[in-house]
Structures are given as C-alpha cells and as structure tokens.
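# Report on the structure
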Amino acid sequence: MKTDRSRTRSASAPCDRRSRLDQLTLSHKEGFQRFAEAPPRPRPEPLTRHQMKLLSERALAEYNRGRRQWHANLGPLWTPQMESLHEDLWDIFDSNEQDSDKIKGGIALDAFPGLGKTTAALAFARKLHRRILREEGELTDAGHQRWPVCRVGLTANTGMRDFNRAILEYYEHPGRFRGTAADFGYRALDSMLTAETKLLIVDDLHFLRWNQQAGIEVSNHFKYIANEFPVTLLLIGVGLEARGLFSEGTEYKNAVLAQTGRRTTRLGMAPFDINAERGREEWRNMLLAIEERVVLAGKRPGMLADDLSDYLFARSSGHIGSLMTLVNRGCQRAVRTGAEYVDTKLLDNVKNDAAAERARDELDQALTSGRLVSRPKRTAE
Ligand SMILES: Nc1ncnc2c1ncn2[C@@H]1O[C@H](COP(=O)(O)OP(=O)(O)O)[C@@H](O)[C@H]1O
Ligand SMILES: [Mg+2]
C-alpha cells in the first residue's frame, strides 16, 4: 500500500450540476445496478396527427411528456465503433481470467470528448454485470453481495485520497468518511475483494493531477491494483497518451507512468468518417437506426437518412455526441411546436455544441460543392 502525501488536500472542486446528477446514480453500486438491470425503456406508441387530435388535452400532454423522455434517451445505439470496442474489451477481459499470480492486462480508452467513450464503456459494463450474475449468482461463496463492476468518475484535480474515497462511496463503505489515505486505499481494495469485483472503470482519468506527486501515486496505485487484485482496469480519458500514460520517458516521473503503459492496451473511438464508401454506409445505417426510433407523427422513411444526411454530418462532424444532441433537440422542438417533423429549417434554429458549430462551415462548403459526399453510392441519386 502506498503512503499518502495528499492527505491535507481539500476535496475535489465542485463539478457541474449535470455530472453531479450522473454521479448520484452511477457512482453508487445500487445506481449502477439499476442501470444494468433496468428493462428497456418502453417506446411511446406512434400516433398519426389525426389520432393525436382525438386525445384529450390531458392525454396529449401525457403522450408528449413520454415522447420528451423518449427522445432525450434515444441511445445507446449499437454503432460500429461500439461494436469493435466491445470485441476488444471482451478479448482482454476474458484473457485476464487467469490465475492470480499473473499480471492482468489493463485497458486505456483514449479519445476526444463526445465520441461515446462513457456510453460504450457503460454498455459493456452492463453486459458484464449481467453475464457474471447469471453465471455465478448474486452472492459470493463467502455469502457477500457480488458486485462485478466498480465504476468511479474522477472530477477536477483528483488525487489518491479522492480516488480511493470515490471507490468507498461506490460501495457505500461505512469507513468512507474518516481515515488516512492509506486507510481509504486499504478499505477500497478490501471492498473490491469482498464483492469479487472483476472490472474497475475509472472514467475521466484526465482529471487526475498528472505529473505531480499525486499523479505518480495514483499511477503506482493502478499498477498495484493490476498486480495484486483480480480486476481488470479500464481507464477512460481524453489525451491520456499526451499526458504520459504510455510514454517511455527517461525522467523518473515518466518512467513510473511508463510501467503502467507497458501492460496497458490503448483503445480509441473514432468519429464517423465519410471519406470512404464503407464509412458512408456506416453513417447511413446510424441515421436509419435513429430514424427508426424517432416518434413523430410526420416522420417518413428517409427523413434523416436521405434528406438530412449531408446536413447532419456537417453539423456534427460525424461526432456521435453532437449528432445525438442535435437530433434530441430537434425532436423536442418538433413535438413542442407541433411540427412533428424534422427538416433543415427546424434544425437551423437548434443550437449545437461549440466545437461542432465551428467545424460546420468548412464541411458545409465541401458537401455543397460535391467535394465531399455523405451518402453511399447505392442510395445517392
Ligand atoms: N452508441 C450511442 N448511441 C446513442 N447515443 C450515443 C452513443 N454514444 C454516445 N452517445 C451520445 O453522445 C453523448 C456523448 O457520449 P459520451 O459517451 O458521454 O462520450 P465521451 O465519454 O466520449 O465524452 C452522450 O450523451 C450520448 O447521448
Ligand atoms: Mg465521458
């Protein structure tokens, strides 16, 4: 167990409200369990405009409320990016099921924000949770509740003590309020062992205090966990490579981080790319999948995949986060205004994230001039 030098640090900086709400659910084991075991959300029945007119005011309000929630939670969709990531994750996870004296291979999922890292990792964790409970039962041999997955999200400027504390929070360990960082570390590992946790997800690792004593400590701690405990570590973040997680540095600091790198497999997630036919087909399939889920009275086949293929690519740069934001907001507006249809006119009034808006002009020009095409040949006129 490493000793702690960050004991006197103050607690993490407050995070924004949205991520705090997320944490309320997924940063506790019961919240994760709810997520993992929830049945699929029921889709509101598609009604025609005429059927909607026949509803009472109250029934219509209820119907629209259901559609608001539905459109706000259209995912996760089984994208090619998610599919190939999951294959790699299964390979590594399953090959780690070896006798405990062997070092477990860790995973670093390193990609820009908004590409679906958290969503894909949680979808994997959900499947793993279900598989392990199905195969091994809810209780461990020692009679404790089994928690196959532990997930912690780091917030600004996390050090070692905060990290271990987040694990204790996840398990709702009674000792999470008081103790030295070493106590916290010991209890955290004990919780994982007791619950026979097999996958430890550390999300938003870029919030770790890198290149400082605390960064080295946490990195060493990851190594210690990987060496001593039967868990697979899934580290997720932005720019992990640039921050030295895999570097073969000569300085002491980098050398310590490098050792984490040597047994860590780096995985990425890419945006949709329409430069080749295969990518255009994937883009189209994605739009068809979303289209299929949208519940609007004026929807018709091709509303997104044909009519808005270029437009949606230009506005999202092929980033799933920006695409889903735009579709979600567009559908909200289509329900609220009674348009019941999504087209460029409606979407022009919908704001998207700043990065997507910045990339838009250039893509717009390439697409309208024909230098870039978003639809596969098979479907483009
Ligand atoms: N496979 C998916 N299907 C549907 N929506 C997705 C999918 N992946 C990501 N999203 C959407 O994109 C947004 C960003 O995804 P997220 O997983 O938070 O990205 P990251 O962790 O890489 O920043 C999410 O809010 C989610 O709505
Ligand atoms: Mg994320």
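See the structure printed just above.
Residues numbered from 1 in each chain as written. Chains lettered and ligands numbered in written order. Predicted model: local features only at pLDDT ≥ 70, side-chain atom pairs only at ≥ 80, totals over all residues.

### Some remarks on the overall build of the chain
Secondary structure assignment for the chain yields 15 helices and five strands. Buried residues in the chain amount to 37% of all 381 residues. Taking the intrachain contacts of the chain between residues at least 6 apart in sequence as the baseline, contacts between residues at least 24 apart amount to 73%. (Helix = DSSP H or I, 4+ residues; strand = E, 2+ residues; numbered from the N terminus. Buried ≥ 20, exposed ≤ 12 C-beta atoms within 10 Å, placed from the backbone. Contact = placed C-beta atoms within 7 Å.)

### Examining the site of ligand 1
Contacts to ligand 1 come from 15 residues, most closely from Gly75, Gly116, Lys117, Thr119 and Gly321. Listing elements by their share of the shell around ligand 1, those giving two or more residues are helix H6 (117-136) and helix H13 (320-337). Taken together, the residues of the shell around ligand 1 break down into seven nonpolar, seven polar and one charged. Residue contributions to the shell around ligand 1 reach at least three from each of two domains, namely domain 1 (36-74 + 273-368) and domain 2 (79-267). (Near = placed C-beta within 6 Å. Nonpolar A, V, L, I, M, F, W, Y, C, P; charged D, E, K, R; others polar. Domains from an automatic or database assignment.)

### Some words on the sheet that holds strand E5 (residues 264-267)
Pairing in this open sheet of five strands is parallel, and the strands run E2-E3-E4-E1-E5 from one edge to the other. Strand pairing shows two members of the sheet lacking a second neighbour, strand E2 (149-153) and E5, which therefore form its edges. Averaged over all adjacent pairs, the angle separating strand axes in this sheet is 15 degrees, with direction ignored. Sheet topology note: the strand E1 (residues 106-110)/E5 ladder contains four bridges and is parallel. If you follow Ala108 over to E5, its bridge partner there is Arg266. Packed onto the sheet, helix H5 (residues 80-95) meets E1, strand E3 (199-203), strand E4 (232-237) and E5 and runs at close to 170 degrees relative to E5. (Pairing = 2+ DSSP bridges. Axes fitted to C-alpha atoms, helices over the stretch in contact; angles between N-to-C directions.)

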